[in-house]
Amino acid sequence: MSDRITAAARRESLALLAPGIAVLLLAFLLPVAVILVTSVRDPAGGLTAAHFAKFFVDDYYLRIAWRTLRLALAITAVTVIFGLPLAWIMVRAGPRLRFAIMLMVILPLMTSVVIRTFGWLVVLGNGGLLARLGEFLGLDGRALVLMHTETGVVIAMAQVLLPFMVLTLLGVLRAIPRDLEEAARTMGAGFWATMRLVVLPLAVPGIVSGSLIVFALSISSFITPSLVGGVRLPVLASSIYQSIGGSFDWPFAAAQSVLLLAATLAVIIPYTRLARGRT
Amino acid sequence: MTAPLSARLLGGLIVIVTGLVMLVPLAVVVAASFSESAFLVFPPRGFSLRWYGEILGSEAYLSAAWTSLRIAVVVTLLAVAIGTPAAIALSRPATPWREPLAGLFLSPLVLPTLIFGIGLLMTASLFFGGPGIGGLIIGHLVICVPYVIRTVTAVLSRADPRLEEAARCMGAGLWQKYWHVILPQCRTGIAAGAFFAFNISFDDAVVALFLRAPGVETLPIRIYSQLEFSPDPGVAAVSTLMILVSVLLVLLIDRAVGLDRMA
Amino acid sequence: MAELKIEGVAKTFGQTRVLHDIDVTVPDGGFLSLLGPSGCGKTTLMRIVAGLEVPSAGRVLIGGRDVTDLAPEARNIALMFQSYALMPHLTVAENVRFPLRMRRQGSRAEQEARVAEALELVQLSALAGRMPRQLSGGQQQRVALARAIVARPDVLLLDEPLSNLDARLREDMQVELIELHRRLKLTTVFVTHDQDEALSLSDRVAVMQGGRIEQEDAPDALYDRPATRFVAEFIGGANVIELAPPGALGVSGARLVLPPGAAPEGARAVALRQEDLALTADSAGADYALPVKIETRIFLGARARYRLRAGGLVLLAMVPRGALAQADVATHVVWSAQAMRFLSR
């Protein structure tokens, strides 16, 4: 009797999931499988590791990998440094300030990457806003042209990834009872000591998950790095695009994609573990 | 609680600096779109709407906008039709393999979009004779469905699971149960998910860049090519219009579920 | 250890005034309860003493020093939160050491000795290495208490510390709090909405209502001589009856008519405690007697509460178990002249 009810409920659930699973198979699992197969096939149809080897023996690609990693770490650090105080202010602020901060954090995320990047070209470029501002202040304007620099890439990327950090931290900081901060104050801890000894340790899970997600999204982004960084500063993702559209070496593009996917998974799997542990 | 002056100043500074970094790049685009000159210079010279007139008369921009709009509408409808039932199923404790399935369904949010673009390009070339508008729609679908699932699940997590049982006790059949009880509860989640899906699809450049095919040029791709060659205030005008669409969608999402719940 | 003096303290949040001109003094080593219903301003007053809120007017003095503008950490006070507010990332011992560490009292070894001593005092020495979430509610409460007393604060503030415990534990803790106060002689302010707690623990009780102190007195005085209608009703749930102009003893509408000269000049109402009313079939010899009808009887174990009606007047009477048989057949409610507390407001 109860078995029949459960069986019916299971059938109902599977029917609801079926279209979604079909899309996943067709548009996610199949393409990933195609990438995997392409990355290890030689022109004759046999197995080969040559496409991977090409990446690891060439100094040029290793430098790309190192740059990708370095940029992602810097972006992650910047988003932590700005995201933590912002999220704390949002938790403690009134509803209107909170909404204003939320809006300003979300808006860049919701606009197209090409427009955001366009904005950065105008700000960071030659004769751009920053350089003009520098000249106006009597500085050497050229030093402030951050186009084609890693600093420029980090700033532009931090803009779009900050919301992921802030939203993750928001969930964690919101769960810290205000009583704890007040208790610390009544026990003789000053404001900064309270931040360091109470808020910071309790925010660690949020900092870790936020960093993992920002890092994962950093290493795979390519429109901003390739437009702001330019051809002189290729990252892994732009190198993949180059292999597809420039040199038409699809197996090599596939091999690099596999490496990128592996790196992302290495970061995302602990992230989902953490996220599940919280809920 | 009383924060010392130093903390208040530092906090204010961080909010302002972040605000500038977040919003100035968008603001300069808007400012540049009203320029009189033919070149992108800063600060913009004069004030005119000529670039808006220019782009509204441009065959290339109009057809790109039309393509983007058609794709976004189809993707939104499909994403809602596929994501909503999946979210309902994933909200039920009785669903088999619930946890791993939920992880799989949401994974496109955290996996590189680039991978989907490349994978679909290779798949299309291998089996379907090259990329086309269908591939692009499927590509957008993968990255949009998770948003619908997430917003609908968020709404359902606050719903009373006993309502469904109550409806059955009151004699509601299978279809009545969905139509009168479950779907009305999902309404705000579906709305928010649809706004997200439309926004993601309309703004996407990554998947579209890989699945570029003759005759299938979306608005972001049009802008991207302009940026690679010669950005003029016309690009700024198109971008401004697209920013406007995004702002509108953000406010609609806030109305539907509240921005706080996006986390 | 020091005297706590609150002078003319007022507080407004936006448009609402939550405290009006509060004056109260707790002598060195004294134990004052702030008693009142939720929203009466008692917690705000305590937070002002702690420095967590800034008063809109008035001063707070601890040991003669004006601390009104000092941050919480700069006052030598301790606050035990209703939620206990134990640091979830610190062990029991680290939690208790926290105030010593922050206030840099003594060397690390001295601090640890004092932590051990404080934990001994609340009988938790065995759990020093545990994390707070591994403890029961009662144990967490003791940790919070140990943490509050370890640094020997000038003023110890307790915010409804017993309200999250079940009834039996609460009684045990009341006894322990009395013991602890007798041993340490800390100036203590205890915030509660529970009159039994307030009456049994404190030297003095301040009854608060609508942001004002209605009456501040010793517990027995408060009980025996309520100054206002609110205090009479809030403490012990007395019957407060409006008085009609004097005449023959009786009831006029919902008001009581007393013989001329029975009530002092200016008395507007009279308070009669439930246990001061007796039910009888024979009212001869009583100072005052009214014929009544029994509406309901609620049995409470050792006692029973009767709801009585005399015309438009409803009275509650508490009858001890031994007198129930007599009360059930009663026709009159009787009371003595001494039982009446006249109220002018």
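Residues numbered from 1 in each chain as written. Chains lettered and ligands numbered in written order. Predicted model: local features only at pLDDT ≥ 70, side-chain atom pairs only at ≥ 80, totals over all residues. Heavy atoms only, no water.

**Structural notes on the nonpolar core**
Ranked by internal contacts, the top residues of the largest apolar core, which has 221 residues, are Phe222 and Ile223 of chain A, Leu114 and Phe210 of chain B together with Leu4, Phe98 and Leu157 of chain C. Among the nonpolar cores identified, the runner-up in size contains 35 residues, and Val92, Val122, Leu145 and Ala151 of chain C belong to it. (Core = buried A, V, L, I, M, F, W, Y, C linked by side-chain atoms within 4.5 Å. Buried < 20%, exposed > 50% of the residue type's maximum accessible area, 1.4 Å probe, protein only.)

**So, the domain arrangement of chain A**
Residue and element names in this part refer to chain A. Domain annotation for chain A reports domain 1 (1–39) and domain 2 (50–278). In this complex, domain 1 contributes 5 residues to the contact, which on the side of domain 2 involves 9 residues. Counting the surface lost from both domain 1 and domain 2, the interface buries some 460 Å², and carbon and sulfur atoms represent 80% of this. Looking at the side of domain 1 facing domain 2, the largest losses of area belong to Ile35, Thr38 and Ser39, adding up to 81% of the total buried there. Where domain 1 meets domain 2, there are 0 salt bridges. Among the residues making up the side of domain 1 that touches domain 2, the classes are represented as 3 nonpolar, 2 polar and no charged. (Domains from an automatic or database assignment. Contact = heavy atoms within 4.5 Å. Buried area = accessible area lost by both parts, 1.4 Å probe. Salt bridge = Lys/Arg side-chain N within 4 Å of Asp/Glu carboxyl O. Nonpolar A, V, L, I, M, F, W, Y, C, P; charged D, E, K, R; others polar.)

**Some thoughts on the pattern of salt bridges**
Oppositely charged side chains can form a pair if their charged atoms are brought close together. Residues and elements named next belong to chain C. Counted by the stated rule, this structure contains 23 salt bridges over all chains. Of the charged contacts in the structure, one is a salt bridge between Glu242 and Arg229, with a shortest N-O distance of 2.3 Å. Here Arg229 lies in helix α8 (residues 229–234) and Glu242 lies in strand β11 (residues 239–242), a separation of 13 residues in the sequence. Using a relative accessible area of 33% as the deciding quantity, one classes Glu242 as partly exposed. Under the relative-accessibility criterion, Arg229 is labelled partly exposed at 27%. Here Glu295 and Arg309 are joined by a salt bridge, their closest N and O atoms 2.7 Å apart. With Glu295 in strand β17 (residues 293–299) and Arg309 in strand β18 (residues 303–310), this residue pair connects regions lying 14 residues apart in the sequence. Owing to a relative accessible area of 36%, Glu295 belongs among the partly exposed residues under this scheme. For Arg309, a relative accessible area of 30% corresponds to the partly exposed category. (Helix = DSSP H or I, 4+ residues; strand = E, 2+ residues; numbered from the N terminus.)

**Topic: the interface of chain A and chain B**
Accessible area lost on assembly of the parts is the figure often given for the size of an interface. With 83 residues of chain A at the interface, the matching set in chain B holds 91 residues. Looking only at chain A, the three residues that lose the most surface to chain B are Leu16, Met110 and Phe118 of chain A, adding up to 10% of its buried area. Note that Arg92 of chain B and Glu12 of chain A form a salt bridge whose closest N and O atoms lie 3.3 Å from each other. For the pair chain A and chain B, the interface holds 9 residue pairs in polar contact (both at pLDDT 80 or more). Split into classes, the residues belonging to the side of chain A that touches chain B amount to 60 nonpolar, 12 polar and 11 charged. (Polar contact = N/O pair within 3.5 Å; in protein donor to acceptor, adjacent residues only side chain to side chain.)

**Looking at the sheet that holds strand β3 (residues 31–35) of chain C**
Whenever strands of a sheet pair, they do so through backbone hydrogen bonds, lying parallel or antiparallel. Residues and elements named next belong to chain C. Strand order in the open sheet formed by 6 strands is β6-β7-β8-β3-β9-β10, and the pairing between neighbours is mixed. Each edge of the open sheet carries a strand with a single partner, namely β6 (77–80) and β10 (212–217). Averaged over all pairs of adjacent strands, the angle between their axes in this sheet comes to 15 degrees, without regard to strand direction. Here β3 pairs with strand β9 (residues 204–209) via 4 bridges, running parallel. Pairing of Ser33 across the sheet is with Val205, part of β9. Packed on one face of the sheet, helix α1 (residues 42–50) meets β3, β6, β7 (155–159), β8 (187–192) and β9 and runs near 150 degrees to β7. (Pairing = 2+ DSSP bridges. Axes fitted to C-alpha atoms, helices over the stretch in contact; angles between N-to-C directions.)

**Some details on the environment of Ala304 of chain C**
Residue and element names in this part refer to chain C. Among the structural elements, Ala304 can be located in strand β18. Sequence-wise, Ala304 and Phe342 are 38 residues apart; in three dimensions their C-alpha atoms are separated by 26 Å. Contact partners of Ala304, with chain neighbours within four places excluded, come to Arg297, Ile298, Phe299, Ala317, Met318, Val319 and Leu324.

**Some words on the side chain of Thr68 of chain A**
Along the polypeptide, Thr68 of chain A turns up in helix α3 (residues 59–92). When neighbours within four sequence positions are excluded, Thr68 of chain A is seen to be in contact with Ile219, Val235 and Leu236 of chain A.

**Comments concerning the domain arrangement of chain C**
Residue and element names in this part refer to chain C. One can read the domain layout of chain C as domain 1 (4–226) and domain 2 (237–343). Computed over C-alpha atoms, the centres of domain 1 and domain 2 are 40 Å apart. Across the boundary between the two partners, domain 1 contributes 5 residues, which contact 4 residues of domain 2. The three residues of domain 1 that bury the most area against domain 2 are Tyr223, Asp224 and Pro226, which together make up 88% of that side's buried surface. Linking domain 1 to domain 2 there are 0 salt bridges. The tally of links from domain 1 across to domain 2 stands at 3 residue pairs in polar contact (both at pLDDT 80 or more). Its residues assigned to classes, the side of domain 1 that touches domain 2 comprises 3 nonpolar, no polar and 2 charged.

**What about the sheet that holds strand β2 (residues 16–26) of chain C?**
Residue and element names in this part refer to chain C. Strand order in the open sheet formed by 4 strands is β2-β1-β4-β5, with antiparallel pairing between adjacent strands. The open sheet has two edge strands with one neighbour each: β2 and β5 (65–66). Where strand β1 (residues 4–13) and strand β4 (residues 57–62) come together, 5 bridges link them in antiparallel fashion. Note on β4: the bridge partner recorded for Leu4 is Ile62.

**Examining the interface of chain C and chain A**
Contact residues are listed per partner, giving 21 residues for chain C and 17 residues for chain A. Carbon and sulfur atoms make up 69% of the surface buried where chain C meets chain A, a total of about 1,600 Å² over both sides. Among the residues chain C hides against chain A, the three largest losses belong to Glu73, His89 and Met102 of chain C. Together they make up 32% of the total. Across the chain C-chain A interface, the total number found is 2 salt bridges.

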